[in-house]
Amino acid sequence: MRALLLALMIFWAVPARAGKPPTFEELEESLTCQCGCGLIVRACNHLQCPSAIPLRQEIREQMARGVDKEAILAYFANKYGEKILSSPTTTGFNLAAWMMPFVTVAVGAAVVVVTLLRWRRLQARRAAAPLPTLKPADTEATAAYEKILERELKRFDL
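Quick summary incoming for the structure in this document. (Residues numbered from 1 in each chain as written. Predicted model: local features only at pLDDT ≥ 70, side-chain atom pairs only at ≥ 80, totals over all residues. Heavy atoms only, no water.)

### Regarding helix H4 (residues 69-80)
And then number 1: Between its first and last C-alpha, H4 extends 16 Å over twelve residues, near the 16 Å set by a 1.5 Å rise per residue.
And then number 2: Turning to H4, its buried residues are Ile72, Leu73, Phe76 and Ala77. What you see down the axis of H4 is that its buried residues fit within an arc of 135°, all on one side. Exposed residues on H4 whose side chains face more than 90 degrees from its buried face are Glu70 and Asn78.
And then number 3: Two residues or fewer after H4 comes Gly81, characterised by a positive phi angle close to 95°. (Helix = DSSP H or I, 4+ residues; strand = E, 2+ residues; numbered from the N terminus. Expected span 1.5 Å × (residues − 1). Buried < 20%, exposed > 50% of the residue type's maximum accessible area, 1.4 Å probe, protein only. Arc of directions from axis to C-beta.)

### Re helix H5 (residues 94-128)
And then number 1: An ideal rise of 1.5 Å per residue puts 51 Å on 35 residues; H5 measures up with 51 Å between its terminal C-alpha atoms.
And then number 2: The axis of H5 is deflected most strongly, by about 40°, at Met100, and proline Pro101 appears within four residues downstream. (Bend = angle between axes of the 7 residues up to and from the residue.)

### Some points on the nonpolar core
Burial of nonpolar side chains together is a common tendency in soluble globular proteins.
And then number 1: Counting 16 residues, the largest nonpolar core has Leu31, Ala52, Ile59, Phe76, Ile84 and Leu85 as the members making the most contacts within it.
And then number 2: Looking at this core, the elements that each hand over two or more residues are helix H2 (24-30), helix H3 (52-64) and H4.
And then number 3: Considering every element that reaches this core, the biggest residue donor is H4, with four residues.
And then number 4: Apart from residues lying up to four places away in sequence, Phe76 is in contact with Leu31, Leu55, Glu58, Ile59, Gly81 and Ile84. (Core = buried A, V, L, I, M, F, W, Y, C linked by side-chain atoms within 4.5 Å. Contact = heavy atoms within 4.5 Å.)

This is the structure we're talking about:
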């Protein structure tokens, strides 16, 4: 649980690169190519790609205007929809996409820990419980049953 809290604190504490202009490569990596390849614009491997080439040109135009990274990404999200972003935003419902893996791992770990603790407690109770003791049987009744058993075993051997 502490590791999860630490990861969340680091995630929100990492300062954005405010003031520094974005690099062309950063912006290419932040956008998904729309040609259907499923790759980021920087990694699109189609020659004369009908999507990556115009996107690269638009990135250069936005950079020439001196717009910061968030504004450029907002421009592309408004123009093409949120599907163009290579990673979901951390606002609204998309926050679930960022949080659910951590929450799932934490819940799974808690279930495992609780199960192991209960199992261990059950094993300790079983180990501490005395073994059932056999009461001495009535020797006359036991002798009668032993005679019947011997007779049946002899008949079975034949």
